[in-house]
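Okay, here's what each chain looks like letter by letter:
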Amino acid sequence: MNIDIKLVMMKHNNQWYLLLPLLCVFLSSAGQAQAQRHESRIHHMTGTLLGDYPLPEHVFVVVTLNDQTQHDQVIAKYQFHGDGLTLPIDFQLAYSGANIRHNHRYRIQAEIVERGHVRYVGEGMAAELAPEPSVYDGQIQMTLVKSASLH
């Protein structure tokens, strides 16, 4: 009977040798998944489009976060009808942290489009996105485009 007890104990101890590596692999992959979730988290940045004039009727306001290092590739876009609004206007952009690279430069670009023509433009730098995602809280001065069609 003593032999059976020792045999059972040996089998029980051998299970730990098999479970320990599996447990390590599981914990390691859980840490990687958590890091990926952190990077792909949705971040928000806010800002204000500055000016002291009412917007004309039938305008569209478009604010984008662009990766300047990638030829102004659009990372995030926020657009809305601006009919009846007056500048200044607050905006908020939502973007995935997975799209931000530490060695890239970013900028916020804003356009107010009237009947298919860009009437006002503005931009601001967002250089600190990689180390501190929500740091941008800037103001963008909107200026009249000289060649805008005012029909």
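Residues numbered from 1 in each chain as written. Predicted model: local features only at pLDDT ≥ 70, side-chain atom pairs only at ≥ 80, totals over all residues. Heavy atoms only, no water.

K.L.:
So, the overall build of the chain: which residues are in play, and what are the values?
P.N.:
Scanning the chain from N- to C-terminus turns up 1 helix and 8 strands. Along the chain, from the amino end to the carboxyl end, the secondary structure elements read α-β-β-β-β-β-β-β-β. Counting all 151 residues of the chain, 33% fall into the buried class. Considering only residue pairs separated by 6 or more positions, the chain has 66% of its internal contacts joining residues 24 or more positions apart. For the chain, the exposed surface amounts to about 10400 Å²; the carbon and sulfur share of it is 57%. (Helix = DSSP H or I, 4+ residues; strand = E, 2+ residues; numbered from the N terminus. Buried < 20%, exposed > 50% of the residue type's maximum accessible area, 1.4 Å probe, protein only. Contact = heavy atoms within 4.5 Å. Areas by Shrake-Rupley, 256 points an atom, 1.4 Å probe, with all protein chains shown as cover.)

K.L.:
Please set out the environment of Gln-79 residue by residue, giving values where relevant.
P.N.:
Tracing the backbone through its elements, the reader meets Gln-79 in strand S3 (residues 73-81). Since its relative accessible area comes to 43%, Gln-79 is described here as partly exposed. Between the alpha carbons of Gln-79 and Phe-91 there is a distance of 9.4 Å; along the sequence they are 12 residues apart.

K.L.:
Any details on the pattern of salt bridges? Residues and values, ideally.
P.N.:
Enumeration according to the criterion identifies 3 salt bridges in this entry. Salt-bridge contacts for Arg-107 lead to Glu-123; the nearest nitrogen and oxygen are separated by 2.3 Å. In this pair, Arg-107 sits in strand S5 (residues 106-114) while Glu-123 sits in strand S6 (residues 117-125), placing the two residues 16 residues apart along the sequence. Two residues, Arg-119 and Glu-114, come together in a salt bridge whose shortest N-O distance is 3.0 Å. Residue Arg-119 shares its accessibility class with Glu-114, and that shared class is buried. Via salt bridges that share partners, Asp-72, Arg-107 and Glu-123 belong to a single interconnected network. (Salt bridge = Lys/Arg side-chain N within 4 Å of Asp/Glu carboxyl O.)

K.L.:
Outline the pairing of S6, listing residues and values.
P.N.:
Taken residue by residue, a regular strand's side chains alternate between the two faces of the sheet. Pairing analysis gives 8 bridges linking S5 to S6, with the strands arranged antiparallel. Its bridge partner lying in S6, Arg-107 is registered against Met-125. Note: S6 against strand S8 (residues 143-144), 2 bridges, orientation antiparallel. When the sheet's bridge partners are listed, Tyr-120 is paired in S8 with Leu-144. (Pairing = 2+ DSSP bridges.)

K.L.:
Go over the nonpolar core with me, naming the residues and quoting the values.
P.N.:
Residues Leu-49, Leu-65, Ile-108 and Met-142 are the most contacted members of the largest nonpolar core, which totals 25 residues. Excluding anything up to four places from it in sequence, Met-142 contacts Leu-49, Leu-50, Tyr-53, Leu-87, Ala-110, Glu-111, Ile-112, Tyr-120, Val-121 and Gly-122. (Core = buried A, V, L, I, M, F, W, Y, C linked by side-chain atoms within 4.5 Å.)

K.L.:
Give me the sheet that holds S8: which residues, what numbers.
P.N.:
Spatially, S3-S2-S5-S6-S8 is the arrangement adopted by the 5 strands of the open sheet, whose pairing is antiparallel. The sheet terminates laterally at S3 and S8, the two strands that pair on one side only. Inspection of the sheet shows strand S2 (residues 59-67) paired to S3 by 8 bridges, in the antiparallel sense. Of the residues in S3, the one forming a bridge with Asp-67 is Gln-73.

K.L.:
I'd like to hear about the confidence of the model for the chain, residue by residue, with values.
P.N.:
Per-residue pLDDT for the chain averages 75, and the proportion of residues at 70 or more is 64%. Ranking the helices and strands of the chain by mean pLDDT puts S2 first, with 94, and helix H1 (residues 2-39) last, with 51. Of the regions scoring below 50 in pLDDT, residues 5-10 engages in 0 contacts with residues more than four places distant in sequence or in other chains. Low pLDDT, under 50, characterises residues 32-38; the stretch is placed with 1 contact to residues that sit more than four places away or in other chains. (pLDDT = per-residue confidence, 0-100.)

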